[in-house]
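Remarks on the overall topology
Listed below are the residues making up each chain.
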Amino acid sequence: MFFLPLLVGVLAPFGNAALTYKGVDWSSTLMLENSGKSFKTTSGATASFESILKSSGVNTVRQRLWVNPSDGNYNLAYNIKLAQRAKAAGLSVYLDLHFSDTWADPAHQTLPSGWPTNIDDLAWKVYNYTLSVCNSFQAASAPLAVISIGNEITAGMLWPLGKTANANNLARLLHSASAGVKDSTLTTIPKIMIHTDNGWNWSTQSWFYKLVLGAGPLTTSDFDMIGLSYYPFYNSAATMASLKTSLNNLASGYGKQIVIAETDWPVSCPNPAYSFPSDASSIPKSVAGQTTWMKDVAAIVAATSSSLGVGLFYWEPGWVGNAALGSSCADNLMVDSSFVARSSLSVFSSI
């Protein structure tokens, strides 16, 4: 009499990748709406973006937080408003702290205006800023599932003090940020993530984690997740085979949950600046190709050793007006130029 339930339990994990976090970065949503834009379902009916995402299988949305942006976009109030909408729609929130007034990435990690320029005061500022941000979300009844302490910090953060050349400083800043999260009033402390780029490159990841964990101030108990960016259009060496190796090595080396924090796939890329990875060459640059790419990457994440691969996020699928998303490919969006959801958005229901 117990045979059938047991069989179902055994077979169920093979039905799909069953990732814990299936999401998109939707940071640009309020900015687009404030300019008079609105999203539409695949059938053309106007609907909130969060409801479209939810019905497409998304369960978590990623949001970038800038400290004091000149136009207010992506500041704390902006993010709390967005997070409250996500909560109302039944979506979890993954907050991405840039620790900058603008974009932070491997080429830019600019200190916020007015922040301290000595390490003692900067570490204290990072702690108090992170604490205050988390307390603000709690006060707004906007829970956080994941929080990234920095964005693509492969070359460090809060330059120049937090550059990787100053490994002790970087480790201290990360430790301070983590402490700010843990000491906050958030009812449930979110998973704390460290996020680097080039997730496919094991040598880069190995170098980074040996550096920051070997410095002293940062310990393995300061973070729960390793977040990685993985794009197909910046380096032909970014193969799915390399990604698989990197994820498994990270899992066995550090025992942390692993998330692909950013990825994209183009529906149009007539003049790529770099060759695409060889093992993705059969995937069409199309809406159908987006679905294939996401399923393939999700399968790699889900197959990570010790079941530590837990999430996959598509970067800014709805940012109409910026369809290249910083790449040499003309269009990487999961909505068309009229804000109508493309069929690829529903891939989240099957990963």
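First things first, this report covers the structure right here in the doc. As the structure is a computational prediction, the values presented were derived from the model and not from experiment. (Residues numbered from 1 in each chain as written. Predicted model: local features only at pLDDT ≥ 70, side-chain atom pairs only at ≥ 80, totals over all residues. Heavy atoms only, no water.)

Remarks on the nonpolar core
Counting residues in each nonpolar core, the largest one holds 100 residues, and the members touching the most others are Phe99 and Phe348. Counting nine residues, the second largest nonpolar core, distinct from the first, contains Met193, Val259, Ala261 and Phe313. (Core = buried A, V, L, I, M, F, W, Y, C linked by side-chain atoms within 4.5 Å. Buried < 20%, exposed > 50% of the residue type's maximum accessible area, 1.4 Å probe, protein only.)

What about the pattern of salt bridges?
Counting across every chain of the model gives nine salt bridges. With its nearest N and O atoms 3.2 Å apart, the salt bridge here joins glutamate 262 to arginine 62. A residue pair is termed long-range when its members are at least 10 positions apart, and glutamate 262 in strand S7 (residues 257-262) and arginine 62 in strand S2 (residues 60-65) qualify at 200 residues. Looking at glutamate 262, the relative accessible area reads 5%, which means it is buried. Here glutamate 316 and arginine 64 are joined by a salt bridge, their closest N and O atoms 2.9 Å apart. Placement of the pair is glutamate 316 in the segment after strand S8 (309-314) and arginine 64 in strand S2, with a sequence separation of 252 residues. One network of salt bridges, in which partners are shared, links Asp25, Arg62, Arg64, Asp96, Glu262 and Glu316. (Salt bridge = Lys/Arg side-chain N within 4 Å of Asp/Glu carboxyl O. Helix = DSSP H or I, 4+ residues; strand = E, 2+ residues; numbered from the N terminus.)

With respect to the state of the cysteines
Here, disulfide denotes a covalent bond that connects the sulfur atoms of two cysteines. This structure, assessed with the given rule, holds one disulfide. One disulfide bridge connects cysteine 269 with cysteine 329, the sulfur atoms lying 2.1 Å from each other. Taking the sign of the S-S torsion, -65° for the link of cysteine 269 and cysteine 329, the bridge is left-handed. Placement of the pair is cysteine 269 in the loop between S7 and helix H9 (287-302) and cysteine 329 in the segment after S8, with a sequence separation of 60 residues. Overall, cysteine 329 belongs to the buried group, its relative accessible area being 0%. (Disulfide = S-S within 2.5 Å.)

As for the side chain of serine 344
Relative to the assigned elements, serine 344 resides in the segment after S8. Separated by 2.6 Å, the side chains of serine 344 and glutamine 290 make a polar contact. Residues in contact with serine 344, not counting those within four places in the same chain, are Val287, Gln290, Thr291 and Met334. (Polar contact = N/O pair within 3.5 Å; in protein donor to acceptor, adjacent residues only side chain to side chain. Contact = heavy atoms within 4.5 Å.)

Overview of helix H4 (residues 76-88)
Compared with an ideal rise of 1.5 Å per residue, which puts 13 residues at 18 Å, H4 spans 18 Å between its outermost C-alpha atoms and is within 8% of the ideal. Restricting attention to buried positions, one finds in H4 the residues Tyr78, Asn79, Ile80, Leu82, Ala83, Arg85 and Ala86. Contacts from the buried residues of H4 go to helix H2 (29-34), helix H3 (49-55), S2, strand S3 (92-97) and helix H5 (119-139). Just past H4, the residue glycine 90 takes up positive phi, approximately 85°. (Expected span 1.5 Å × (residues − 1).)

Quick look at the environment of proline 272
Following the sequence through the fold, proline 272 ends up in the loop between S7 and H9. For proline 272, a relative accessible area of 35% puts it in the partly exposed group.

Let's talk about helix H6 (residues 167-182)
Under the 1.5 Å per step criterion, the end-to-end length of H6 is 23 Å for 16 residues, consistent within 8% with the ideal 22 Å. Buried residues along H6 sit against H5, strand S4 (146-149), strand S5 (191-196) and helix H7 (202-214).

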